[in-house]
Amino acid sequence: YCLSGHPTLPCNVLKFKSTTIMLDCGLDMTSTLNFLPLPLVQSPRLSNLPGWSLKDGNAFLDKELKECSGHVFVDSVPEFCLPEVRLRRANNLSTVDVILISNYALYDALPIHTRHTGFTAQCMPRNHRPDRLLPSPLKDAVEVSTWRRCYTMQEVNSALSKIQLVGYSQKIELFGAVQVTPLSSGYALGSSNWIIQSHYEKVSYVSGSSLLTTHPQPMDQASLKNSDVLVLTGLTQIPTANPDGMVGEFCSNLALTVRNGGNVLVPCYPSGVIYDLLECLYQYIDSAGLSSVPLYFISPVANSSLEFSQIFAEWLCHNKQSKVYLPEPPFPHAELIQTNKLKHYPSIHGDFSNDFRQPCVVFTGHPSLRFGDVVHFMELWGKSSLNTVIFTEPDFSYLEALAPYQPLAMKCIYCPIDTRLNFIQVSKLLKEVQPLHVVCPEQYTQPPPAQSHRMDLMIDCQPPAMSYRRAEVLALPFKRRYEKIEIMPELADSLVPMEIKPGISLATVSAVLHTKDNKHLLQPPPRPAQPTSGKKRKRVSDDVPDCKVLKPLLSGSIPVEQFVQTLEKHGFSDIKVEDTAKGHIVLLQEAETLIQIEEDSTHIICDNDEMLRVRLRDLVLKFLQKF
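Residues numbered from 1 in each chain as written. Predicted model: local features only at pLDDT ≥ 70, side-chain atom pairs only at ≥ 80, totals over all residues. Heavy atoms only, no water.

In plain terms, the rule: UniProt positions are given in the numbering used here, feature names are shortened, and annotations may be inferred rather than shown by experiment.
The chain appears in an unreviewed UniProt entry as Integrator complex subunit 9 from Pan troglodytes. Under the heading Sequence similarities (unreviewed entry), UniProt records this for the chain: "Belongs to the metallo-beta-lactamase superfamily. RNA-metabolizing metallo-beta-lactamase-like family. INTS9 subfamily."

So, in structure tokens, the structure goes:
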């Protein structure tokens, strides 16, 4: 069940062997680009923007919509495109057994899914907006009618309290039905792909993976082999850009700005690519003569992000793991902090105001430029052409992000760094792991709209990938055929296998099938209680049915010529054999009896002569095995 139409912010639900599993819960934040920024202090520029309304006038639209440099924005707290609501309601997905998270960017919608069992009925009320009357691009945006405001801090903490931390290759059983295992995806600290398997079926979920050599532990590809179905999401958003080249442009543009006396603003997330950028700057600033330029990292979680990255060795590549045991800090930003070249602050208030000096480089959020400390720096530095804003995160259109700040004098550089798999790497990966079926968003099965001639920018695999889109339900192309059943030792000890053909032995078993927590166990049947004089008969266990002794099963074939010879030896004469489409008919004309011999059955037909039938039956049984 596809609940999100954004291929790099997936939210899917898998129903598999009586379990309901949500695969990631990304929150599509691109809707925030349609809103005005939220300044930390009152902004006269934003407050004085003219309202927008239809020619015939509409007081509601005039109050809520503002116009800036030819673009129309919503003047309110930003709202987000929630995962699909109607599909959950229509398919009874209100109760999810477990949510598997692939990386830090894919659990922003977690409080929405965990705050209420039927969360769809609990969405914040909103005023009715005549969406058909909205200007572009608002009326063309995805699911405008489903946009909602975000959650509260209480709901965030409640959602986080439900998270269970696991390690790579750790096997987690879900209700005895399936086993899930996280594998390193190579994309970010702790980023994972997931294996979901029963005893006989295997589904692999690949989301946000990288084959590049950066700070995380390398991608585990071998464990993805022998998958019945491989669900593929989270590929690079900029398949034509080389991450190494983008890092080089980032460093050179940063150096050029600072040398000319300007400041550099880097809108970013507080985890992920920022570790690589700081590492590159550590190697670059001395050679570029920038060692005196301060680097500021501003985020409510800046301190914990930098510290945790140094202590979680199990998530790091081998080179950085080995440093932990020397002991040395695995990331060089520790040295930048010790030498006061890098300083971190929870906000622009307090200590930052006292330490702040220019020119400088500021890393802060949010990459959408709609909220966070980045809004303050855009207002502060936007009027000077000496300053530069460098976009490294690929999640938002930088032109749309800049729109409410126009006219803008500061320089804008777009250096998107996305280390996730590109289509060439995906094709190679699929050839190596060879899943029986590939399932992916429909965007990956066709070239990008802006580059319709680029057939290399789509998934190429055999058989062709099955695609899905938002609000769509897809039946996975494999059927469950087997179930594992364990047998108790004492029951196994009583079995007497008989070889029916070389290498194959069979044994009959009479047992009680006990099922609990999706695990099945064959137990010995209860022994019937023996009646004793003067005492009540003991009851057989109420939850175990009486087991009757079964007749033995028969196997083998009857050679007709030898069977006829046996009949003659036992005094039968005037025997005639006829061939049929299914086997043979042996006629005992003198006894007025017919024996039908077929591949899987034998019938003795005689006229009310039970003794004759039993006699012939015993002769037939001599040619068959009993077990």
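Things to note about the nonpolar core
Counted only if it meets this: Here, the term nonpolar core denotes a set of buried Ala, Val, Leu, Ile, Met, Phe, Trp, Tyr and Cys residues that are joined through side-chain atoms within 4.5 Å. Here's how the labels work: a residue is buried when its accessible area is under 20% of the maximum for its type, exposed when over 50%, partly exposed in between, all with a 1.4 Å probe on protein chains only. Secondary structure elements follow DSSP: runs of H or I no shorter than four residues count as helices, runs of E no shorter than two count as strands, and numbering proceeds from the N terminus. Domain start and end points were adopted from an automatic or database domain assignment. We call two residues in contact when some of their heavy atoms are within 4.5 Å.
Within the largest apolar cluster, 40 residues are counted, with the highest numbers of intra-cluster contacts made by Leu27, Leu265, Val362, Leu369, Phe377 and Met378. Those elements that provide at least two residues to this core are helix H4 (110-114), helix H5 (153-160), strand S14 (295-298), helix H12 (374-381), strand S17 (388-391) and helix H13 (398-402). When residues of this core are assigned to their parent elements, the largest contribution, five residues, is made by H12. For this core, the two domains that each supply at least three residues are domain 1 (12-38 + 77-239 + 420-468) and domain 2 (269-413). Every residue in contact with valine 362, bar those within four places of it in the chain, is listed here: Val264, Leu265, Val266, Tyr296, Ile298, Phe377 and Trp381. If you look at the next biggest cluster of nonpolar residues, it comprises 34 residues, including Val258, Val293, Leu336 and Cys415.

Some remarks on helix H8 (residues 302-311)
Rules: Along the arc lie the directions from the helix axis toward the C-beta atoms.
Among the residues of H8, those classed as buried are Ala302, Ser305, Leu306, Ser309 and Gln310. Across the axial projection of H8, the buried residues extend over an arc of 130°, all falling on one side. Of the surrounding elements, those touching the buried residues of H8 are helix H7 (273-284), S14, helix H9 (318-324), helix H10 (333-338) and strand S15 (342-345).

Some words on unusual backbone geometry
In this structure, the amide linkage connecting glutamine 358 to the following residue, proline 359, adopts the cis form with an omega of 0°. In this fold, proline 359 is placed in the loop between helix H11 (351-355) and strand S16 (361-364). That bond from glutamine 406 to proline 407 is cis: its omega, -5°, falls within 30 degrees of zero. Among the structural elements, proline 407 can be located in the loop between H13 and strand S18 (411-414). One non-glycine residue, asparagine 340, adopts positive backbone phi at about 65°. Checked against the element boundaries, asparagine 340 lands in the loop between H10 and S15. When its relative accessible area of 52% is taken as the criterion, asparagine 340 is described as exposed. The backbone phi angle of asparagine 518 is positive, close to 65°, even though this residue is not glycine. Its location among the elements puts asparagine 518 in the loop between strand S24 (512-516) and strand S25 (519-523).

Describing the sheet that holds S14
Applicable threshold: By the convention used here, strands pair only if DSSP detects at least 2 bridges between them. Angles shown run from 0 to 180 degrees and are taken between the N-to-C directions of axes, each axis being a line fitted to C-alpha atoms and, for helices, limited to the stretch in contact.
What the six strands build is an open sheet, ordered S15-S14-S16-S13-S17-S18; its pairing is parallel. Two strands lie at the open edges of the sheet, namely S15 and S18, each paired on one side alone. Taken over all neighbouring pairs, the strand axes of this sheet differ in orientation by 20° on average, direction set aside. Set on the sheet, H8 makes contact with S14 and S15; between it and S15 the angle comes to about 125°.

Considerations on the packing of helix H6 (residues 243-259) against H7
This is how the line gets drawn: Note that the term roughly parallel is reserved for angles under 35 degrees, roughly antiparallel for angles over 145, roughly perpendicular for angles of 65 to 115, and oblique for everything else. With the far helix as reference, a near helix turned anticlockwise by less than a right angle produces a left-handed crossing, and one turned clockwise produces a right-handed crossing. Residue classes follow a fixed rule: Ala, Val, Leu, Ile, Met, Phe, Trp, Tyr, Cys and Pro count as nonpolar, while Asp, Glu, Lys and Arg count as charged, and any other residue, Gly among them, counts as polar.
The contact between H6 and H7 brings their axes to 11 Å, and the two run at 55°. With respect to their mutual orientation, H6 and H7 come out oblique. The handedness of the crossing between H6 and H7 comes out as right-handed. Contact residues: Val247, Phe250, Cys251, Ser252, Leu254 and Ala255 in H6; Leu277, Cys280, Leu281 and Tyr284 in H7. Residue composition of the contact of H6 with H7, by class: nine nonpolar, one polar and no charged.

Thoughts on the pairing of strand S29 (residues 593-598)
Here S29 shows a buried face lined by Thr593, Ile595 and Ile597 and an unburied face lined by Leu594, Gln596 and Glu598. One ladder, built from four bridges, connects S29 with strand S30 (residues 602-605); its direction is antiparallel. For isoleucine 597, the partnering residue across the bridge sits in S30 and is threonine 602. Following S29, the chain reverses through three residues before pairing antiparallel with S30.

Overview of the packing of aromatic side chains
Convention followed: We call Phe, Tyr and Trp rings a pair once their centres come within 6.5 Å, taking the six-membered ring for Trp, and we label the pair stacked below 30 degrees between planes, edge-to-face above 60, and tilted otherwise.
In the structure shown here, the tally under the stated rule is 18 aromatic pairs. Ring plane angle 50° and centroid distance 6.0 Å describe the contact between tyrosine 296 and phenylalanine 356, whose orientation is recorded as tilted. On the criterion of sequence distance, the pair formed by tyrosine 296 in strand S14 and phenylalanine 356 in the loop between H11 and S16 is long-range, its members being 60 residues apart. Residue classification places phenylalanine 356 among the partly exposed residues on the basis of a relative accessible area of 24%.

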